[in-house]
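# Structural characterization, general
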Amino acid sequence: MSRQSRAAALFTHPLLWTALLIAVLPFVAGANPFAGQGGFVDIATTMIIFGLFASGFNLLFGHVGELSFGHAMFFTLGAYVTALYTKGFNVQVLGLTLQHGAAGNMVIALVLSLIFALLWAWLLARIIVPRSSGIYFSMITLAFAQVIFFITYRWNELTGGEDGMQSIARPQIFGIEWMNSSAHFYWFAAAVVFVTLCVLYWIINSPFGSVLHAIRENKQRARFLGYDVDKFRVNAFVLSAAFPAVAGWLWTYFQQAINPDAGSIEYSGNVVMMSLLGGSQTFLGPILGAALYHELQNGVSQATKYWEAWIGVVFVVFVLIGPRGIMGLIDDVRHYGIANAVRRLFSRRARVQTDLVEELPPLDEPVASEVSR
Amino acid sequence: MAYIFKTEKLTRRFSGFTAVNAVSLEIPEGGVRTIIGPNGAGKTTFFNLLSGLLPPSEGRIWFREREITALLAYQRARLGIARSFQITNIFGRLTVYENVRLAVQAVHDGRANFFLPERRLGNLADKTDRVLRDVGLYEAREARAENLSHGDQRRLEIGLVIASDPPVLLLDEPLAGMSPAETHETVDLIQRIAPGRTILLVEHDIDVVMAISTTITVFQTGQVLATGTPQEIRANEAVQRAYLGELA
Amino acid sequence: MEATTREANGGPFRTYSEGAAIHLPGIDALTDQLVNGITLGMLYILVALGLNIILGLMGVINFSHGSFFMLGAYLTYQLNGAFKNIPGGFWWAILAAAVIVGLLGMAFESLLIRPLYKRIPEYTLLLTFGTALIFAQLVRKWWGDDAVRVDTPSYIPQSANVFGLQLPFYKDILLVIVTIVILTLVWLLLNKTNIGVIIKAGTRDAEMVKILGINMPLMFTLVFGIGSLMAGLAGALAAPVYAIQPNWASQWIVLTFAIVIVGGIGSFWGAIVGGLVIGIAQSLMALLFPPAVEVTAFLVMGIILLVRPRGLFGVEGLFE
């Protein structure tokens, strides 16, 4: 590779842009330059945590082509496990007493969050993945997410039910309450998010990741090359649950409180929207999408209490005319120039070409055509 | 003689229609073994049964002394049964290079650690480039597969099939829709890769079939009508009545 | 789910008492809950069948189906007030609400769903998720966050005695009869009329039907309208039974998904059996262990998936 192209590769490297975005966000998130108002650190923190959540979801959506409509279950699992570990609990289950005192080690909290989320993901994947794909898969993930939601919602004794849990302490570092400042917490979260995203980037660009792309493009072909497609789909599902769990862990510390909303359909839907908004087939897309989503939410919610309707409108518009999201648009502008890129937005053919999954006939189809000819 | 495939009363029915009807066949190892027959004779269904795309309704299949009736498609692919499809079947939105690399890399599935950097998985890149040169697509390696011409896409698919160095190739109408020039190149390609392998071919271009086949098996209404060398098939009256007659 | 609207006591699960202890039910309570489950099941069947018809015939998954159900209830509330001086106004309100929702469904299909037919089905799920957000906010804006109620007219008796059981007349008797009538009509429409035959043929082989000169887009709009009308009708019929809230849409849609998965995608009988199974399972759980009522549907779904991946009446390989 020549020096010039190496420099270009560095300049367009998604991780570089991720780092830049994370560095800039606290100064621009929710900012209003006209009123001389700077960024809000707390909005920026929300953005990067959801950026991580959405990126993990997108490992499945953008890279395997499977739409999970229940990824908030892993987010809420990570969040609740952290909250319970931190605050302690004492409950009776079938005559057994389960109890645990308050504790503050954030690494143990993280490990526990991951263990629970991954175990649940693995169990679900074993049930769901070999049995379903396409919209059937979306419906089933959505329904299973409700199991976790209603456990957090109804098990008052353990989770505090509808009100959830409050006053959860942020972790201390060497006994110092460094993280209690919003700005400090942001940089802590930023470091965690960036490192975790590097892991995700490595997964996507490994030979494993390219098999996922192959499965997204053409499951049948992948099978006939000798790939155990379902095994890869199960592994991708479990891996993609890890990132929301880490995000949930951060979320509990950030909010210092947790309630069942974290596992609701709305949260699952919102990360779909973030991926779609930013561009689901790119690495940077979901992170950018999470930032844009919260910027939008912040702006609109100040204007109307029915702001969710406007989120819905953006959803509809993006599905109808721009399923490749902002990053897709940037790509098109680079390839075709502004005028043609805009024209492509309204071209149905271009949209069909860029859809997530190939439209191959189902497995039995070749036979049917043979019969009819 | 050693066989590569053996079937016993292999049958596949579709809601009342029997596409392959109790076919018992031994396909010897090596050479180009072509299956011909009128449309609807069950050739593609037979391929689908051998490669594991469809489970048989009845009957059993052996591959080199090993029964594979219950094996799934990917397991058969790992045994070295590679196939192409009637309708071009490639990874459309990946580059030509990525397409072939995925096929080369498949050999490592289950053995090597898949999270290692590519260079640790043997010399993937070298092997990929070699396959690309074999099928004459080295120059087009950076192009997206969906943007290739039809003929190049068909050749890419053959590239995917040979990338893992399989002992058996099942090629389902590899020449369909090709221009004469493309046909010529592809026939050359098939003859070049044939030595040391068994090639099962379903093809309609009768001139090509006669020119390159070691043996020909004729299917009719889901059953084997005849098997023999091209000369024998040409001379077979039943075949002429059923099939060649309508073409000639 | 907004914190302010998340009250679950007004939704489909209003009928159980709070309390976490497991207690063994008496035979009276058991009968009561069984009847309750059947009633709930009737509403589930109507909603799920509407969704399943659209899904089975068109391959379109409509997340806003729950919103149509909710709109049916709110429109009944609105129209019942407006029609209160008309004889039989209550029934006209239910009918009008259902028809309005059906027409809305047709408009919805031709404006928003139609551009997505050539594309992957996931996009319809995403689009209709977006519109569900919009419908929920519109309902909040027009009818407020607080629950509203519809009273049955005074000429409908409060309760009646059936086989020695004293049952609420509207909820446990009329509702069941009306549902059975509607299901019969839908079955006849799908199986005994020309429209039904054309729709079924068209969804299997759209090209062929087009060659025959039948306007397939119109047929699709019609199917979507019928499915939506059923959701609206279910909402209208449910309006006098439960307190109506803006969170109905999201509560019901996920349940409906579970019912469809239990019964089998695209199956008429699947929707019926699935609706009854889930309705009865929930009601029995209300007796046995009330906090687990909401989870019941999804646990049943999980078990069914393990045993029969395509649901009780499902067909292999449909819509994947």
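Being a predicted model, the structure only gives us computed values, none of them experimental. (Residues numbered from 1 in each chain as written. Chains lettered and ligands numbered in written order. Predicted model: local features only at pLDDT ≥ 70, side-chain atom pairs only at ≥ 80, totals over all residues.)

### Examining the interface of chain A and chain C
With 46 residues of chain A at the interface, the matching set in chain C holds 42 residues. For the side of chain A that touches chain C, the secondary structure elements donating two or more residues are helix 6 (134-154), helix 12 (265-278), helix 14 (307-321) and helix 16 (348-353) of chain A. No other element matches helix 6 of chain A, which puts 14 residues into the side of chain A that touches chain C. Grouping the constituent residues of the side of chain A that touches chain C by class yields 29 nonpolar, eight polar and nine charged. (Contact = placed C-beta atoms within 7 Å. Helix = DSSP H or I, 4+ residues; strand = E, 2+ residues; numbered from the N terminus. Nonpolar A, V, L, I, M, F, W, Y, C, P; charged D, E, K, R; others polar.)

### Some thoughts on the sheet that holds strand 1 (residues 3-14) of chain B
Residue and element names in this part refer to chain B. The strand order across the open sheet formed by four strands is 2-1-4-5, and the pairing between neighbours is antiparallel. Strands with a single pairing partner mark the edges of an open sheet, and in this sheet they are strand 2 (17-28) and strand 5 (66-67). Taken together, the two bridges between strand 4 (residues 58-63) and strand 5 define a ladder with antiparallel strand orientation. The partner of Phe63 across the bridge, within strand 5, is Arg66. The sheet contacts of helix 1 (residues 43-51) involve strand 1, strand 2 and strand 4, and relative to strand 2 the element is tilted by about 65 degrees. (Pairing = 2+ DSSP bridges. Axes fitted to C-alpha atoms, helices over the stretch in contact; angles between N-to-C directions.)

### Details of the nonpolar core
Core analysis: the biggest nonpolar cluster contains 272 residues, and Ala143 of chain A together with Ala258 of chain C have the highest contact counts within it. Element by element, the count of residues in this core is highest for helix 11 (residues 229-255) of chain A, at 16 residues. Split by domain, this core shows at least three residues from each of two domains, domain 1 (27-56 + 72-80 + 167-248) and domain 2 (89-165) of chain B. Residue contacts for Ala258 of chain C: discarding those within four places in its chain leaves Ala143 of chain A together with Ile278, Ala297, Phe298 and Met301 of chain C. (Core = buried A, V, L, I, M, F, W, Y, C linked by C-beta atoms within 7 Å. Buried ≥ 20, exposed ≤ 12 C-beta atoms within 10 Å, placed from the backbone. Domains from an automatic or database assignment.)

### What to know about the interface of chain B and chain A
Taken together, the contact pairs 36 residues of chain B with 26 residues of chain A. At the level of secondary structure, the elements contributing two or more residues to the side of chain B that touches chain A comprise strand 2, helix 1, helix 2 (73-79) and helix 3 (96-105) of chain B. Looking at the side of chain B that touches chain A residue by residue, the class counts come to 19 nonpolar, 11 polar and six charged.

### Remarks on the confidence of the model for chain A
Looking at chain A, pLDDT values average 85 and 92% of them are 70 or higher. Here residues 355-373 of chain A scores under 50 on pLDDT; set against residues more than four positions off or in separate chains, the count is 37 contacts. (pLDDT = per-residue confidence, 0-100.)

### Focus on helix 12 of chain A
Residue and element names in this part refer to chain A. Compared with the 20 Å implied by 1.5 Å per residue over 14 residues, the 20 Å span of helix 12 between its first and last C-alpha is a close match. When you tally the buried positions in helix 12, you get 13 out of 14 residues, the bulk of the element. Once helix 12 ends, the next one or two residues include Gly279, with phi positive near 120 degrees. (Expected span 1.5 Å × (residues − 1).)

### Comments concerning the pairing of strand 8 (residues 198-202) of chain B
Residue and element names in this part refer to chain B. Strand 8 sits mainly inside the fold: five of its five residues count as buried. Judged from the five bridges that link them, strand 3 (residues 31-36) and strand 8 form a sheet pairing that is parallel. When the bridges of strand 8 are listed, Gly31 appears paired with Thr198. The pairing of strand 7 (residues 168-172) with strand 8 spans five bridges and is classified as parallel. Bridge pairing in strand 8 places Val168 opposite Thr198. With respect to chirality, the unit in which strand 7 leads through helix 6 (residues 180-193) into the neighbouring parallel strand 8 is right-handed. (Right-handed = clockwise from strand over helix to strand, strands pointing away.)

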